[in-house]
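In case you want the letters, here they are:
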Amino acid sequence: MKRQQQVADVLRHSDIDTPPAYQLLDVVSELGNIAAQVNETTGYGTDSTALSIPEDELGDALFALLALCEELDVDADAALSTALAKYEGRSGTSGTPASGD
């Protein structure tokens, strides 16, 4: 994935070498920032039509997830392809891509 390589380059050039467990904490933290935006913009769920998530918050979460993939030596594109196949398979058998796990 081209973006994963860009993230890897940023990590290398910035001399950021973080163990995967800490990278995971960064992913969760970034998702927490998104959840906070959802809570704030919807009045803690009272107005779902007011939902607003800044693009940069989503970008931060994607960066953190791609950095985790890089640290774990996981090809993000291959992982996404596997997930897509799994969800497409669920749609075909159950009529919905929702996870039963």
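Residues numbered from 1 in each chain as written. Predicted model: local features only at pLDDT ≥ 70, side-chain atom pairs only at ≥ 80, totals over all residues. Heavy atoms only, no water.

Caption draft 1: How the structure looks around the overall build of the chain. The helix and strand tally for the chain stands at four helices and zero strands. Reading the chain from its N terminus to its C terminus gives the helix and strand order α-α-α-α. Classification of the 101 residues of the chain by burial places 19% in the buried group. Restricting the contact set of the chain to residue pairs at least 6 apart, pairs at least 24 apart contribute 65%. Accessible surface for the chain amounts to roughly 7,000 Å². Of this, 56% is attributable to carbon and sulfur atoms. (Helix = DSSP H or I, 4+ residues; strand = E, 2+ residues; numbered from the N terminus. Buried < 20%, exposed > 50% of the residue type's maximum accessible area, 1.4 Å probe, protein only. Contact = heavy atoms within 4.5 Å. Areas by Shrake-Rupley, 256 points an atom, 1.4 Å probe, with all protein chains shown as cover.)

Caption draft 2: Main features of helix α1 (residues 2-13). Across its 12 residues, α1 extends 17 Å between first and last C-alpha, which sits within 8% of the 16 Å expected from 1.5 Å per residue. Immediately downstream of α1, the backbone of D15 shows phi near 55 degrees, a positive value. (Expected span 1.5 Å × (residues − 1).)

Honestly, it's all geometry; don't read function into it.
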